[in-house]
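Listed below, chain by chain, are the residues.
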Amino acid sequence: MPLISLALTTIRLPYKEAVVLVPSLTISLKSTTYQSFSSKSKLRKPFKTTSFCCFCKNQQSSNSLLVNSASGFSRSKGMVMVFENFIVGTFLVSLFGFVFLFILRRKNNRKRKIEKGSREFKIQTDAVNSTDIGQCSPENGFGDDVIIVGAGVAGAALAHTLGKDGRRVHVIERDLTEPDRIVGELLQPGGYLKLVELGLEDCVEEIDAQRVLGYALFKDGRNSRLSYPLDKFHSDVAGRSFHNGRFIQKMREKAVTLPNVQLEQGTVTSLLEENGTIRGVQYKTKDGQELRAYAPLTIVCDGCFSNLRRCLCKPKVDVPSCFVGLVLENCELPFSNYGHVILADPSPILFYPISSTEVRCLVDVPGKKVPSVANGEMANYLKTMVAPQVPPELHDAFIAAVDKGNIRTMPNRSMPADPHPTPGALLMGDAFNMRHPLTGGGMTVALSDIVVLRDLLRPLHDLHDAASLTKYLESFYILRMPVASTINTLAGALYKVFSASPDQAREEMRQACFDYLSLGGVFSTGPVALLSGLNPRPLSLVLHFFAVAIYGVGRLLLPFPSLQRMCIGARLISSASGIIFPIIKAEGLRQMFFPATVPAVYRAPPVG
């Protein structure tokens, strides 16, 4: 192979006394035919050489050099020796230059690595050097794969799921004592199937959980029993109702059995952001010490009262009503193992078992304000307005529960999912998406979201490329839509339909819904399958909803239509449209009915 060297070299020619400093291209060639290469193939020409050639910057010097080299054997022999010395010198100079450049490049690379490391650990260094925030070593700071804020239903289930997949998970929960809530106590069959899929089905065991087989509707002295369509499932598949706190504690206990899951009590005060990317969280420990934790992915699951969601989404929280909670003791429901929904005035009343001896009663009170519990207004309201509408089998137990005085209230919040994709962070659970709790679908949506996220993260071994990960996880918001949008829309629509109204068209819609569900067959199993999460199909929901409206119009027009009835029927259709279309719009029409047209669905996992 030819040896090619380009260097600034001092050449001493024997026939010249001057020393010429020129940039030279030296080519050492053996007696072989070579192809001269050009960018154009037509310009390629063969040439043959048997000696050494030196191409000088000055054309005149080159010509003189070539003439002198051909003038005689003796001078040619002297020139060959000069060129050989020149080649050796050039080679040594080139070698020296190469070594020098290699050393410089190595130093520059080392400097860049140091600068990069300084940028990456800038926030962490602040944490280490800060005297008021506390110490956080680099090893601990970047040892976690995922930080989960909150250890409720979503947080605890997610911690176990990711931990089981080998992720190093750090969970920070404000209060690790057993929660005492009046919601989150009914798990639909669809949610139970997700629980099984996550390997958490044993968390409903040994907490005195009750099987739920469907719903019983009550209106104006009539009742109708609606069973879940469970014929095609295993005998163990059904709804479950329980004390929310017991269920959460079981999941927390199971999560911490994994060695790579750390559960810590602390209050997260803020997310740590650097150049638009969430790097971790700042939190206050149980002892009051302020610390920082770092991970490539932070998942916020801090519930309906989240103080972190504003950084990650555009919250549009609506509070249509409040629940007033009571516990009825030692009483039997009219239909054992069924949830009971009373279409009362002004809004529904719920009864369902939460243990073998307790029944939860939730009274819906429209609006954001409820009668005062402290001054006795609430007890008076429950006895005078609600008790007369309670089924006779539960009346005495209801009055006893009111007299006992353990009355709890909680606002019912609704918030459509409207995320703001942020590198390094994700929202889950009620912090991300809420719907009216009338249908008990919150835990089903949360568990379904965890299954979707688990499947998306499984192919990824490294979560540190925040920008690529965020772009990839945009598919999460689309893939969750079948289950989430169906349950969200049904919950919002049913609450409005089941609530009393002075509008005659709305009242007709309410009666039509009760009668439609009472028909049995597909008219009841279809809507109940949607409500239970067993058939998450938004289109089926819309068809059943307008079937109820058309059924209501048909009831008005039979046996003899009149102009007044026709006007009420038109208003009924208009009212039905006014109920469901705003909910669909908030959920996202394209994402709900045409998810396959959203490009994010087809994004492949980032490589690396």
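Residues numbered from 1 in each chain as written. Predicted model: local features only at pLDDT ≥ 70, side-chain atom pairs only at ≥ 80, totals over all residues. Heavy atoms only, no water.

Peer 1: Quick rundown of the overall build of the protein? Include the residues and the values.
Peer 2: Along the protein, the regular secondary structure elements total 17 helices and 22 strands. In the protein, which comprises 608 residues, the share counted as buried stands at 48%. Considering only residue pairs separated by 6 or more positions, the protein has 70% of its internal contacts joining residues 24 or more positions apart. When the accessible area of the protein is evaluated, it comes to approximately 30,600 Å², of which 56% is carbon and sulfur surface. (Helix = DSSP H or I, 4+ residues; strand = E, 2+ residues; numbered from the N terminus. Buried < 20%, exposed > 50% of the residue type's maximum accessible area, 1.4 Å probe, protein only. Contact = heavy atoms within 4.5 Å. Areas by Shrake-Rupley, 256 points an atom, 1.4 Å probe, with all protein chains shown as cover.)

Peer 1: Tell me about the pattern of salt bridges, residues and numbers included.
Peer 2: Under the criterion given, the structure shown has 23 salt bridges. Ionic pairing is found between Asp165 and Arg458, a salt bridge with its closest N-O pair at 3.2 Å. With Asp165 in the loop between helix H5 (153-164) and strand S7 (169-173) and Arg458 in the loop between helix H10 (442-457) and helix H11 (466-479), this pair connects stretches of sequence that are 293 residues apart. For Asp165, a relative accessible area of 30% gives the class partly exposed. What emerges from the salt-bridge pattern is a single network uniting Lys194, Glu197, Arg454 and Asp455. (Salt bridge = Lys/Arg side-chain N within 4 Å of Asp/Glu carboxyl O.)

Peer 1: Go over unusual backbone geometry with me, naming the residues and quoting the values.
Peer 2: Here the amide bond leading from Asp345 into Pro346 is cis, since omega sits at 15°, within 30 degrees of zero. Within the element layout of this structure, Pro346 appears in the loop between strand S18 (339-342) and strand S19 (349-353). Phi at Asp220 takes a positive value of approximately 50°, unusual for a residue other than glycine. Judged by its relative accessible area of 65%, Asp220 is exposed.

Peer 1: Give a detailed account of the packing of aromatic side chains, specifying residues and quantitative values.
Peer 2: The geometry of an aromatic ring pair comes down to the distance between the two centres and the angle between the two planes. What the rule picks out here adds up to 10 aromatic pairs. With a centroid separation of 5.8 Å and 90° between ring planes, the pair formed by Phe545 and Phe546 is classed as edge-to-face. Like Phe546, Phe545 is buried. Taking the centre distance of 5.7 Å and the plane angle of 40° together, the rings of Phe546 and Phe581 count as tilted. Taken as a pair, Phe546 in helix H15 (residues 538-557) and Phe581 in helix H16 (residues 563-587) lie far apart in primary sequence, 35 residues in all. Residue classification places Phe581 among the partly exposed residues on the basis of a relative accessible area of 44%. Members of the aromatic cluster, joined through ring pairs, are Phe432, Phe476 and Tyr477. Positioned over the ring face of Tyr192 is Arg240, at 4.4 Å from the centre of the ring. (Phe/Tyr/Trp six-rings, centres within 6.5 Å; stacked < 30°, edge-to-face > 60°. Lys NZ or Arg CZ within 6 Å of the ring centre and 35° of its normal.)

Peer 1: Outline the UniProt feature "transmembrane region" (unreviewed entry) in the protein, supporting the account with residue identities and numerical values.
Peer 2: Using the residue numbers shown here, the UniProt feature "transmembrane region" (unreviewed entry) corresponds to residues 86-104, 516-535 and 541-558. A helix fraction of 65% and a strand fraction of 0% characterise residues 516-535, whose end C-alpha atoms lie 19 Å from each other. (UniProt positions renumbered as here; feature names shortened; annotations may be inferred.)

Peer 1: Describe the sheet that holds strand S16 (residues 297-300), with residues and values.
Peer 2: The strand order across the open sheet built from 7 strands is S15-S14-S13-S7-S6-S16-S22, with neighbouring strands paired in mixed fashion. Of all strands in the sheet, those bounded by a partner on one side alone are strand S15 (290-294) and strand S22 (425-427). The sheet shows a mean angle of 40° between the axes of neighbouring strands, direction not considered. (Pairing = 2+ DSSP bridges. Axes fitted to C-alpha atoms, helices over the stretch in contact; angles between N-to-C directions.)

Peer 1: Before we move on, can you summarise the environment of Asp144 with the specific residues and values?
Peer 2: Tracing the backbone through its elements, the reader meets Asp144 in the loop between helix H4 (138-141) and strand S6 (146-149). The spacing of Asp144 and Tyr294 is 150 residues in sequence and 7.1 Å in space, taken between C-alpha atoms. Side chain to side chain, Asp144 and His170 meet in a polar contact 3.5 Å long. (Polar contact = N/O pair within 3.5 Å; in protein donor to acceptor, adjacent residues only side chain to side chain.)

Peer 1: I'd love a proper account of the side chain of Asn244, names of residues and values included.
Peer 2: As for its position among the elements, Asn244 is in helix H7 (residues 244-256). Reaching out from Asn244, the side chain makes a polar contact with the backbone oxygen of Gly184 at a distance of 2.8 Å. Setting aside residues no more than four positions away along its own chain, Asn244 makes contact with Val153, Pro179, Arg181, Val183, Gly184 and Glu185.

Peer 1: Describe the nonpolar core, with residues and values.
Peer 2: Core analysis: the biggest nonpolar cluster contains 67 residues, and Phe247, Val281, Ile299, Leu453 and Leu457 have the highest contact counts within it. In terms of residues, this core owes the most to one element, H10, which gives 9 residues. Look past the residues within four positions of Leu453 in its chain and what remains in contact with it is Leu158, Ile299, Leu426, Met428, Leu473 and Phe476. Ranked by size, the runner-up nonpolar core spans 56 residues in total, among them Ile354, Met415, Leu534 and Ile583. (Core = buried A, V, L, I, M, F, W, Y, C linked by side-chain atoms within 4.5 Å.)

Peer 1: Talk me through the packing of helix H12 (residues 481-498) against H15; I want residue IDs and the actual numbers.
Peer 2: Where H12 contacts H15, the axes come no closer than 9 Å and their chain directions differ by 20°. Between H12 and H15, the interaxial angle falls into the category roughly parallel. Classified by chirality, the crossing of H15 by H12 is right-handed. Two secondary-structure elements touch here, H12 through Pro482, Ser485, Thr486, Thr489, Leu490, Ala493 and Val497 and H15 through Pro538, Leu541 and Phe545. When grouped by side-chain class, the residues that make up the contact of H12 with H15 number 7 nonpolar, 3 polar and no charged. (Parallel < 35°, antiparallel > 145°, perpendicular 65-115°, else oblique. Left-handed = near helix turned anticlockwise from the far one by under 90°. Nonpolar A, V, L, I, M, F, W, Y, C, P; charged D, E, K, R; others polar.)

Peer 1: Can you lay out the sheet that holds strand S17 (residues 318-329) for me, pointing to particular residues and giving the numbers?
Peer 2: Taken in spatial order, the 7 strands line up as S11-S10-S18-S19-S20-S17-S21 in an open sheet, and their pairing is mixed. At either end of the open sheet lies a strand with only one pairing partner, and these are strand S11 (222-227) and strand S21 (408-414). Strand after strand, the sheet turns through a mean of 20° between neighbouring axes, direction not considered. Direction of pairing for strand S10 (residues 214-219) relative to S11: antiparallel, over a ladder of 6 bridges. Directly across from Tyr215, in S11, lies its bridge partner Leu226.

Peer 1: Quick rundown of a nonpolar patch on the surface? Include the residues and the values.
Peer 2: On the surface, Leu519, Val522 and Phe523 cluster together into a nonpolar patch covering about 260 Å² of accessible area. Here Val522 lies in helix H14 (residues 522-531). (Patch = residues over 30% accessible without salt bridge, like charges linked within 9 Å, V, L, I, M, F, W, Y side chains within 5 Å.)

Peer 1: Describe the pairing of strand S20 (residues 358-366), and please don't skip the residues or the numbers.
Peer 2: Taken across its 9 residues, S20 has 8 buried, putting it largely inside the fold. Pairing analysis gives 9 bridges linking S17 to S20, with the strands arranged antiparallel. Among the inter-strand pairings, Glu329 is bridged to a residue of S20, identified as Glu358. For S19 and S20, the ladder comprises 5 bridges, and the chain directions are antiparallel. In the sheet register, Phe351 faces S20, and the bridge partner there is Cys361. Linking S19 to S20, which pair antiparallel, is a turn of 4 residues.

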